[in-house]
Each structure stands twice: as structure tokens, then as C-alpha cells.
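Breakdown of the fold
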Amino acid sequence: MKTINKILIPFDFTEAAINALDYALEFAGYDKPIAITAVYLSSKPVSEYELQETQTSFRNIVADLNKKPMISPALRVTEGALPSALLELQTESEADLIIMGTMGDTSLDQHVTNTSNLVLEAECPVISVPMGSESKRPEEIALVLGKEEIEDASVLDFLLAVARSFNAKVHVLTIYAESVYAEKVEVASNEDSLEYYLENFYVEHSFEKNQDVEQGIYNYLEDKNIDLLVIIPRNHARKTEPSDGRLTKLLTLHSRVPILSLD
């Protein structure tokens, strides 16, 4: 089974980044040997004095968050820009997960743009954490699936690791526009994969009718008190026509709960 050993967090000392760090510390907990590395990406070389000041500021922030992980989080300072430098570091370090904060509901916010780009380009799981969301361990998880067959069902292995870590229930949601019968027939091929990979943590597959897919998802999240929304972006699809990632961008922009993107 997949295990989570290393987490990367792009960290620029903003409220969104601190919120993401707080979420990561809660996610790791006090009893798991998970290494959390915050990555400060600088556009120019950093002097030794600046490096020391940055490290001191980071340690103060960690202390203020008052979490007690098994492994204290570290700060890495390097030159580069999002998302390319972070994704290169993820490959180099073999990090299992990236957690990144967003500022929330504004189409002009650069954090949202960076997060959307990161989610769509990453070939590893990414959790985007919106400002205002509670830093808590997920107990109710919702996986959103379209009518297409899951191309690589092994991505669900990571979701199983999350569900098992927190003993969380995994709900599966499909939003349909017209015939619920037609939608159920088309996604029937996913059921075996869901039952195999998610084991007893998989509790239900709901089919909800709504012409507005995004709003239908939010209605479901509120109704089920969902703590973590899970999506499988199709912009890297190989067997079918790749999507442009529009729904992923909208969810990253508007969701009030953290989003786990599987790839």
C-alpha cells in the first residue's frame, strides 16, 4: 500500500502559505514519521544573512502554530519559480505529496493561478488548501467522478492511504445533467476499481442531477459535511480526449474545503 513519507509546501510567508503549513502539520499528526519541507522560492540569490533571517522567521511561525509532529518541519531556500522549480524538487526528493495554500475566491489572485497551474501540471498528488478552511484531519471524503472510466485506477491507492490514516469514509459523487440511468450504466466499470482500491472505506456512490456541475458538487459537500474533496484531473488523459482543466480551475478558485488532486 502507498505510504506518505514526504510532503512539500511552497512557502512564501503569506497567510495562505502559513495556512497550508498548519494543515500539513495537522495532516501529518504527531505519530507519523512524515518529513515536511517548506520551499521558499527566490527570484535571486539569497545572502547568508537573508538566509538566517528567513530560517528564524520560519522557526517562529512553526512555534506559533503550536503543533508537535514527530519530525519538525524544515525550510529549504532555493532559486526558481512556480510551478516548474517546485515540480523539479518534487521529482528530485521523491516527495509523495504537495500541499499548497490559496487565498480564496478571487479570479485575480496570483495564489489561485499558481495553485491551478501546479495542480494541472503536477504528476503527483496535490492538496490545495483555501484560506478560511479548518485545519483538521479529514473524516468525510468525497471523490468526484465523471462518466468516463478511470484511466489509471492505481491513483486510488493514494486515496486509500489517506482514508486509512484517518479512518475516513469515502463517498463517491457523479453529477449528471439528464438521465441518471444512462450515467449509472456508463460509470459501472468504475465500481470494481472503487471497491478494490478503497476497501471498506468506500461507503456509497451518489448520482446527483444538476445542470451546473460545480454547484452540484458544492451542494453535496455541504449536505454530507465533507472535509476533503478529491478530483482526478483529465488534462493528462491518454486513452480519451484530454480536458482543458476548466472544472479543476473553478474548484481550486471557489472551493471552501481542501481539494486533493490525484495524478
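Our subject is the structure listed above.
All of the points below concern the structure found in this document.

1. Considering the overall build of the protein
- Each helix and strand counted, the protein has nine helices and ten strands in total.
- Looking at the protein as a whole, 50% of its 263 residues are labelled buried.
- By sequence separation, contacts in the protein at least 24 residues apart represent 83% of the contacts at least 6 residues apart.

2. Details of the environment of Asp227
- Structurally, the position occupied by Asp227 is in the loop between α8 (213-224) and β9 (228-231).
- By relative accessible area, Asp227 is classed as buried at 14%.
- Considered as a pair, Asp227 and Glu139 are 88 residues apart in the sequence and their alpha carbons are 6.5 Å apart.
- Ignoring anything within four residues of it in the chain, the contact list for Asp227 reads Lys136, Arg137, Pro138, Glu139, Glu140, Val257 and Pro258.
- Among the polar contacts made by the side chain of Asp227, one reaches the side chain of Lys136 at a distance of 3.3 Å.

3. Describing the packing of helix α1 (residues 15-28) against helix α2 (residues 48-65)
- Where α1 contacts α2, the two axes come as close as 11 Å, and the packing angle between them is 55 degrees. With respect to their mutual orientation, α1 and α2 come out oblique. Where α1 crosses over α2, the handedness of that crossing is right-handed. On the side of α1, the interface is formed by Ile18, Leu21, Asp22 and Leu25, while α2 contributes Phe58, Ile61, Val62 and Leu65.

4. Considering the pairing of strand β3 (residues 74-79)
- As defined by bridge partners, strand β2 (residues 35-42) adjoins β3 across six bridges and the pair is classed as parallel. Residue pairing for β3: Ala38 is matched across the bridge by Leu75.
- After leaving β2, the chain enters α2 and then returns to the sheet as β3, a path that is right-handed.

5. Here's the deal with the sheet that holds strand β5 (residues 126-130)
- Judged by pairing direction, the sheet is mixed, and its ten strands sit side by side in the order β3-β2-β1-β4-β5-β10-β9-β6-β7-β8 without closing on themselves. The open sheet has two edge strands, β3 and β8 (202-209), and neither has a second partner. Direction aside, the axes of adjacent strands within the sheet are offset by 25 degrees on average.
- Bridging between β9 and strand β10 (residues 259-261) involves three bridges; their strand directions are parallel.

6. Details of the side chain of His171
- If you trace the backbone, His171 turns up in strand β7 (residues 169-176).
- Judged by relative accessible area, which is 7%, His171 ranks as buried.
- Those residues in contact with His171 that lie beyond four places of it in its chain are Glu140, Ile141, Ala142, Leu143, Val203, Glu204, Tyr220 and Ile226.

7. Some thoughts on the environment of Phe13
- On the secondary structure map, Phe13 appears in the loop between β1 (6-10) and α1.
- Sequence-wise, Phe13 and Ile61 are 48 residues apart; in three dimensions their C-alpha atoms are separated by 8.8 Å.
- Ignoring sequence-local partners within four residues, the contact set of Phe13 consists of Ile18, Tyr40, Thr54, Ser57, Phe58, Ile61 and Leu75.

8. Things to note about the packing of helix α5 (residues 156-166) against helix α7 (residues 191-198)
- Packing of α5 against α7 brings their axes to within 9 Å, and their N-to-C directions diverge by 45 degrees. Classified by the angle between their axes, α5 and α7 sit oblique to one another. As for the relative orientation of α5 and α7, their crossing is right-handed in sense. For the pair α5 and α7, contact is made by Leu156, Asp157, Leu159 and Leu160 and by Ser193, Leu194, Tyr197 and Leu198, respectively.

9. A few points about α2
- With 18 residues, α2 should reach 26 Å at 1.5 Å per residue; the first-to-last C-alpha distance of 26 Å fits that figure.
- Within α2, the full set of buried residues consists of Thr54, Phe58, Ile61, Val62 and Leu65. On an axial view of α2, the arc spanned by its buried residues comes to 100 degrees, and they lie on one face. Within α2, the exposed residues directed more than 90 degrees away from the buried face are Glu48, Tyr49, Arg59, Ala63 and Asp64.
- The elements touched by buried residues of α2 are α1, β2 and β3.
- Directly after α2, the chain includes Asn66, whose backbone phi takes a positive value near 55 degrees.

Procedures and definitions
Residues numbered from 1 in each chain as written. Predicted model: local features only at pLDDT ≥ 70, side-chain atom pairs only at ≥ 80, totals over all residues. Heavy atoms only, no water. Helix = DSSP H or I, 4+ residues; strand = E, 2+ residues; numbered from the N terminus. Buried < 20%, exposed > 50% of the residue type's maximum accessible area, 1.4 Å probe, protein only. Contact = heavy atoms within 4.5 Å. Polar contact = N/O pair within 3.5 Å; in protein donor to acceptor, adjacent residues only side chain to side chain. Axes fitted to C-alpha atoms, helices over the stretch in contact; angles between N-to-C directions. Parallel < 35°, antiparallel > 145°, perpendicular 65-115°, else oblique. Left-handed = near helix turned anticlockwise from the far one by under 90°. Pairing = 2+ DSSP bridges. Right-handed = clockwise from strand over helix to strand, strands pointing away. Expected span 1.5 Å × (residues − 1). Arc of directions from axis to C-beta.

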